Amino acid sequence: MAKSKASHSSNPAQPAAETLSWRDRFSALKNLPAFFRLVWQTSPGLFLGNAFGRLVRAAIPAAALYVGKLIIDEVVRLMAQGANPDTTYLWQLVGAEFGLAVLATALGRLVSLLDSLLGDLFANQTSIRLMEHAASLDLEQFEDAAFYDKLERARRQTTGRTVLLSQVFGQVQEIISVVFLAAGLVVYNPWLIGLLVLAVLPAFAADNYFNQRSYSLSRNWTPERRELDYLRYVGAADDTAKEVKIFGLSGFLIDRFRTLSWTYYVKNRALAISRAGWGTVLTALGTAGYYAAYVWIIGRAVAGQISLGDLTFLAGAFRQVRGSLESILLQFSGLTQEALYLQDLFDYFAIQPKIHSPNDPAVGEPLRVPQPIREGFVFENVGFQYANAPERWAIRNLSFTLRPGEKLALVGENGAGKTTLVKLLARLYDPSEGRILLDGRDLREYDLADLRRNVGVIFQDYVRFKMSAGVNIAVGDIDERTNQPRIESSAQRSLADSVIAKLPAGYDQQLGRSFNKGVELSGGEWQKVALARAYMRDAQLIILDEPTAALDARAEYEVFQRFAGLTEGKSSVIISHRFSTVRMADRILVLEGGRLIELGSHAELLAQGGRYAELFQLQARGYQ
Ligand SMILES: Nc1ncnc2c1ncn2[C@@H]1O[C@H](COP(=O)(O)OP(=O)(O)OP(=O)(O)O)[C@@H](O)[C@H]1O
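Residues numbered from 1 in each chain as written. Predicted model: local features only at pLDDT ≥ 70, side-chain atom pairs only at ≥ 80, totals over all residues. Heavy atoms only, no water.

Student: Outline the overall build of the protein chain, listing residues and values.
Tutor: Each helix and strand counted, the protein chain has 23 helices and 10 strands in total. Relative to the 2.2 N^0.38 estimate, which gives 25 Å for 624 residues, the radius of gyration of the protein chain is 35 Å and therefore markedly larger than a compact globule would have. The dimensions of the protein chain, computed from C-alpha atoms along their principal axes, are 125 × 60 × 50 Å. In the protein chain, which comprises 624 residues, the share counted as buried stands at 46%. Within the protein chain, contacts between residues separated by at least 24 positions form 75% of all contacts whose residues are at least 6 apart in sequence. In the form shown here, the protein chain has an accessible surface area of approximately 31000 Å², with 59% of it arising from carbon and sulfur atoms. Put simply, the protein chain has 67 plus and 64 minus side-chain charges, and the middle of one group is 4 Å from the middle of the other. (Helix = DSSP H or I, 4+ residues; strand = E, 2+ residues; numbered from the N terminus. Rg over C-alpha atoms; globule rule 2.2 N^0.38 Å. Buried < 20%, exposed > 50% of the residue type's maximum accessible area, 1.4 Å probe, protein only. Contact = heavy atoms within 4.5 Å. Areas by Shrake-Rupley, 256 points an atom, 1.4 Å probe, with all protein chains shown as cover. Lys, Arg positive; Asp, Glu negative; His and termini not counted. Charge placed at Lys NZ, Arg CZ, Asp CG, Glu CD.)

Student: Give me the lowdown on the site of the ligand, citing residues and values where you can.
Tutor: In the vicinity of the ligand there are 16 residues, among which R392, G415, K418, T419 and T420 approach most closely. Between the ligand and the protein, one listed contact pairs a nitrogen atom with a side-chain N or O atom of N388 at 3.0 Å. In this structure, an oxygen atom belonging to the ligand sits 2.5 Å away from a side-chain N or O atom of T420. Protein coverage of the free-state accessible area of the ligand, which is 640 Å², stands at 75%. (Near = heavy atom within 4 Å. Polar contact = N/O pair within 3.5 Å; in protein donor to acceptor, adjacent residues only side chain to side chain.)

Student: Run through the pattern of salt bridges, naming residues and quoting values.
Tutor: Tallied over the entire structure, the rule returns 24 salt bridges. Residue R441 pairs with E445 through a salt bridge whose shortest N-O separation is 2.7 Å. A relative accessible area of 26% places E445 in the partly exposed class. A salt bridge links D442 to R444; the shortest N-O distance between them is 3.3 Å. The class for R444 is partly exposed, based on a relative accessible area of 30%. Look at the salt bridges and you will find they share partners, linking K69, D73 and D310 into a network. (Salt bridge = Lys/Arg side-chain N within 4 Å of Asp/Glu carboxyl O.)

Student: Mind laying out the nonpolar core, listing which residues take part and the relevant values?
Tutor: Formed by 56 residues in total, the largest nonpolar core has its most connected members in L32, F35, F36, F318 and Y348. Breaking this core down by element, the ones donating at least two residues are α3 (31-42), α4 (44-81), α5 (88-136), α7 (145-160), α8 (162-188), α9 (190-220), α12 (250-302) and α13 (308-350). For this core, the element with the most residues is α13, which contributes 18 residues. Not counting chain neighbours up to four residues away, the residues in contact with Y348 comprise L130, H133, A134, L137, F147, K150, L151 and A154. In this structure, I395, L402, L410 and L591 belong to the second largest nonpolar core, which totals 34 residues. (Core = buried A, V, L, I, M, F, W, Y, C linked by side-chain atoms within 4.5 Å.)

Student: Mind laying out the confidence of the model for the protein chain, listing which residues take part and the relevant values?
Tutor: On average, residues of the protein chain score 85 in pLDDT, and 95% of them reach the 70 mark or higher. Residue range residues 1-18 is modelled with pLDDT below 50. Its contacts to residues more than four positions away, or to other chains, number 39 contacts. Confidence metrics for the complex model read pTM 0.74 and ipTM 0.96. (pLDDT = per-residue confidence, 0-100.)

Student: Tell me about the pairing of strand β10 (residues 595-600), and name the residues and values.
Tutor: With five bridges joining them, strand β9 (residues 587-592) and β10 adopt antiparallel strand pairing. The partner of L591 across the bridge, within β10, is L596. Adjacent in sequence and paired antiparallel, β9 and β10 are bridged by two residues, among which G593 carries a positive phi angle near 55°. (Pairing = 2+ DSSP bridges.)

Student: Break down helix α14 (residues 418-425) for me, citing the residues and quoting the values.
Tutor: Counting buried positions over the eight residues of α14 gives seven, a clear majority of the element. Taken together, the buried positions of α14 are K418, T420, L421, V422, K423, L424 and L425. In the stretch just after α14, R427 is the one whose phi turns positive, near 55°.

Student: Could you give an account of the environment of Q509, naming the residues involved and the relevant values?
Tutor: Inspection of the secondary structure puts Q509 in the loop between α18 (496-501) and α19 (523-536). When the C-alpha positions of Q509 and L402 are compared, they lie 39 Å apart, and in sequence the two are 107 residues distant. Residues in contact with Q509, not counting those within four places in the same chain, are M467, S468, A469, L503, P504, K517, G518 and V519. Here the side chain of Q509 touches K517 through a polar contact of 3.0 Å, landing on its backbone oxygen.

What follows is the structure in structure tokens.
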């Protein structure tokens, strides 16, 4: 019971019946002010309207009960008067009670309307903040499973958190109601209120206990829930359907889903059953407390110590105070639970990127990338380990210079470290050891956005955006998405223009099958579209990571002929397994197991008779 939250995050993959201490729960309430600031920023008007509506609504139950008491006392008085009494006052009272009832309903509706409007706006804004924050984070963070769990929990918060808003507002409203009612009751007998409080405490404690169990369960099961979502997606998505069918995977996927979801269901069911059982028993205790008070009030009325009106007021007030107390206490434990979930949202927002522009004022302003680059990129004994594979060096002891205007090809077997090198150049990662210099200064001293603007990369696993063909090209420089001539000339250079000419809606054609009227392209056609992104961007260094793997031989030849001409004066790095492409480069860098083993022109490396010559001849033989 007293396990702290740290123990959860240290081992997020292990589902366990861990629970949270009271201290954890109370300290989660410290998130409320920050939460309300966010809600207030969403819409001050809706926020104030909601608060005011609830305040007025809170006063109505006590007022209505009091008017009810006055009505009964007046009826009793008029009955005692005999024939033709003056009923004006009585009807006024009835009118007032009717007015209060109408007002209560109207305010209730108004408040829930404002709740839902505010909730929708808040969910939208939180989703936007979530995306903005994700954009600021490092690639490395996205490769970490624990990070995904956090992101997943945060994402679930975006829609659910406005429940918290209604809960807190509802809680305050309830407390104000109780204060009004209790003020009336205290006059008669303060002990009775104490009795009511005592009677609801056990149910409160039990509810609290079960809430924390259910929070722990859902938190500990985040990885499994993510897996369930993933299985659901893989089992029923357009881009997986092909392989699921061919390999007959649906049975396997469904079994896995069934097993995992059943285990979760069983755990949840056990919790729900014991919660329901204990809840019933302990709530009965609360009811007993109420009836004890009721019996006492009836006794006083029978003895003539209080009027009939007093009896109805007191009985009604007790009933309501009991109900309200119960709901305040129960909601309080729900509230701390919601506040705990909120902690996940704030935890996610608190994750800071490690790769950013230098922001230490002592160091001075971040550098701008020189125009043009004069000395090029220099790798000085660079080593890199992926954070999730700390025992292996993806790159080690790498030293070379990428000169301005040079066309460099990277060659190496699968897993040799080619893509990793490229990611280091674009500062998607920082080296674990050594450094990369650009015109004599460490890459880390440059303004990150400016650096990225000057380095254009088309990755082998480029994204096929399910958007229009034009946007799919414009992503190379998204600020220029309305610059149609630029998009078209980029398409021409990458040979995408002939692909787009065949599309019914041309550049406005929706690509991919996910949306209405979407058209799917072939692998090579997609690649031509993706390649156009490199031309959209006016970068000084262009990197193509296996950009032509899906192109036919003629297209590949043509693409590279053009590429060489069109990137005149710019540096470029090309990763390719095809030596017909590689040999066109000025120099070729051969990687093996993350280390540089050869560097030179095609002719030089062939003459050397080393690994490059061996690989080249191997491929050439295949074509003979
Ligand atoms: N995100 C990652 N997390 C952990 N290890 C990684 C990650 N990406 C790559 N690696 C590992 O780093 C090594 C180098 O990978 P890299 O992608 O740079 O190879 P590559 O030469 O581009 O291979 P390929 O020709 O297959 O594209 C590999 O052993 C790979 O398993």
